[in-house]
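# Examination of the molecular architecture
One letter stands for each residue in the lines below.
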Amino acid sequence: MTLDLTPDQLLSTTRAVRKRLDLDRPVPHYLIEECVDLATQAPTGRNRQRWHFIVVTEPTQRRAVADIFLRALPLASGQPLTERDVWRMNYHSSSTERVFDGLRHLAANIHRVPAFVIPGVEGRTDHAPVAVQAGAWGSILPAVWSFMLAARARGLGTVWTTAQGPLERELAGILNVPYEDIMLAAFIPLAYTIGTDFKPARRVPSEQVLHWDQWKHSSAGPSQ
Ligand SMILES: Cc1cc2nc3c(=O)[nH]c(=O)nc-3n(C[C@H](O)[C@H](O)[C@H](O)COP(=O)(O)O)c2cc1C
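Here we summarise the structure given alongside this text.

### Quick notes on the site of the ligand
Taken together, Arg-15, Ala-16, Arg-18, Val-99, Leu-103, Val-159, Trp-160, Thr-161, Thr-162, Ala-201 and Arg-203 form the complete shell of residues around the ligand. Taking Arg-15, its side chain carries an N or O atom lying 3.0 Å from an oxygen atom of the ligand. At a separation of 2.8 Å, an oxygen atom of the ligand approaches a polar side-chain atom of Arg-203. Burial of the ligand by the surrounding chains reaches 62%, relative to a free accessible area of 620 Å². In the shell around the ligand, the residues fall into six nonpolar, two polar and three charged.

### So, the pairing of strand E2 (residues 115-122)
Counting buried positions along E2 yields seven of eight residues, so the element is predominantly enclosed. Here E2 runs beside strand E4 (residues 182-184); their pairing, made up of three bridges, is antiparallel. Bridge pairing links Glu-122 to Ile-182 in E4.

### Observations concerning the nonpolar core
Soluble globular proteins: nonpolar side chains tend toward being buried together. One finds Val-65, Phe-116, Ile-118, Leu-171, Leu-175, Leu-184 and Phe-187 to be the most contacted residues of the largest nonpolar core, which totals 28 residues. Mapped onto this core, the elements with two or more residues apiece are strand E1 (51-56), helix H3 (59-72), E2, helix H8 (168-175) and E4. In terms of residues, this core owes the most to one element, H3, which gives five residues. The residues touching Ile-118, leaving out its near neighbours within four places in the chain, are His-52, Phe-53, Ile-54, Val-65, Leu-171, Leu-175, Leu-184, Ala-186 and Phe-187.

### A word on the packing of aromatic side chains
Tallied over the entire structure, the rule returns four aromatic pairs. Taking 5.8 Å as the distance between ring centres and 20° as the angle between the ring planes, the aromatic pair formed by Phe-53 and Phe-147 counts as stacked. Placement of Phe-53 in strand E1 and of Phe-147 in helix H7 (residues 141-153) is noted, with a sequence separation of 94 residues between them. Judged on exposure class, the residue Phe-53 and its partner Phe-147 are both buried. With centroids separated by 5.3 Å and ring planes inclined at 55°, the aromatic side chains of Phe-116 and Phe-187 adopt a geometry described as tilted. Of this pair, Phe-116 sits in strand E2 while Phe-187 sits in the loop between E4 and strand E5 (188-192), and the two are 71 residues apart along the sequence. Judged by relative accessible area, which is 0%, Phe-116 ranks as buried. Feature note: the residues Phe-69, Phe-116 and Phe-187 constitute an aromatic cluster, connected by ring pairs. Positioned above the aromatic ring of Tyr-179 is the side chain of Arg-124, whose terminal nitrogen or guanidinium carbon lies 3.9 Å from the ring centre.

### Regarding the side chain of Gln-164
Relative to the helices and strands, Gln-164 is located in the loop between strand E3 (156-158) and H8. Once residues within four sequence positions are removed from consideration, Gln-164 is found in contact with Leu-171, Leu-184, Ala-185, Ala-186 and Phe-187.

### A word on the pattern of salt bridges
Counted under the stated rule, the structure contains nine salt bridges. A salt bridge links Glu-34 to Arg-154, with the nearest nitrogen and oxygen atoms 2.7 Å apart. Of this pair, Glu-34 sits in helix H2 (residues 29-39) while Arg-154 sits in the loop between H7 and E3, placing them 120 residues apart in sequence. For Glu-34, a relative accessible area of 31% translates into the label partly exposed. Taking relative accessible area as the criterion, Arg-154 reaches 14% and is therefore assigned buried. For Arg-104, the salt bridge identified is with Asp-101, shortest N-O distance 3.9 Å. Of this pair, Arg-104 and Asp-101 both sit in helix H5 (residues 95-109), separated by three residues, roughly a single helical turn. By relative accessible area, which is 33% here, Asp-101 ends up partly exposed. Connected through salt bridges with shared partners, the residues Lys-19, Asp-101 and Arg-104 form a single ionic network.

### Let's talk about H5
For H5, spanning 15 residues, the distance from its first C-alpha to its last is 21 Å, which sits close to the expected 21 Å at 1.5 Å a residue. Every buried residue of H5 is listed here: Thr-96, Gly-102, Leu-106, Ala-107 and Asn-109. Against H3, helix H4 (83-89) and E5 lie the buried residues of H5.

How each quantity is defined
Residues numbered from 1 in each chain as written. Predicted model: local features only at pLDDT ≥ 70, side-chain atom pairs only at ≥ 80, totals over all residues. Heavy atoms only, no water. Near = heavy atom within 4 Å. Polar contact = N/O pair within 3.5 Å; in protein donor to acceptor, adjacent residues only side chain to side chain. Areas by Shrake-Rupley, 256 points an atom, 1.4 Å probe, with all protein chains shown as cover. Nonpolar A, V, L, I, M, F, W, Y, C, P; charged D, E, K, R; others polar. Buried < 20%, exposed > 50% of the residue type's maximum accessible area, 1.4 Å probe, protein only. Helix = DSSP H or I, 4+ residues; strand = E, 2+ residues; numbered from the N terminus. Pairing = 2+ DSSP bridges. Core = buried A, V, L, I, M, F, W, Y, C linked by side-chain atoms within 4.5 Å. Contact = heavy atoms within 4.5 Å. Phe/Tyr/Trp six-rings, centres within 6.5 Å; stacked < 30°, edge-to-face > 60°. Lys NZ or Arg CZ within 6 Å of the ring centre and 35° of its normal. Salt bridge = Lys/Arg side-chain N within 4 Å of Asp/Glu carboxyl O. Expected span 1.5 Å × (residues − 1).

Put into structure tokens, the structure is as follows:
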């Protein structure tokens, strides 16, 4: 059974779900299998299909993985924010606040999340040139987003996190993933959603990111 959503509705209402994850309802394996089946329709470089989906539902494993999530939180790093990043994040008031509020809720309840999806891609690209990186990440991220869309269509909610990053080797150990061969790409809590109505998000207008024929410096917002 899938929700009655048009393709455009599905694409515009698949939100990062943190507060509306139903923590009391197990997710049947067959639904996750359907999502993986759809995810593997995504494109990959040279059709190499290097993807893997490690799905954790067993209680002891879930606890171990949830512990990693919590320990990874304060270790999260990333590129420093530019002035333009901050401008975009605050383009619609309180969006950053909402994200952090949701994240605090997720962290407080992470041990109750019924399933975690940890996608991986074969072949490590640590320190590789951008072109090689693009091939690897481009061969897993479309599939992961397809998984998340398929989940939404089935009344399930997901939130993309990068909690796998700071403690990737340790997480790989817990999951028995061969770290030297596989990169873990994301750490995605999964559960039924509480209610199924989600709205399109407010984003920066597309004319600020759409460039016809050549790069156009945006007139709105700080210039880079
Ligand atoms: C690469 C990436 C990393 C993200 N990392 C986190 C994260 O670590 N924790 C979290 O709660 N959300 C994370 N998110 C979710 C974003 O915060 C979310 O997509 C954004 O706030 C937009 O939410 P919306 O689609 O519901 O409007 C991440 C999303 C992406 C694509």
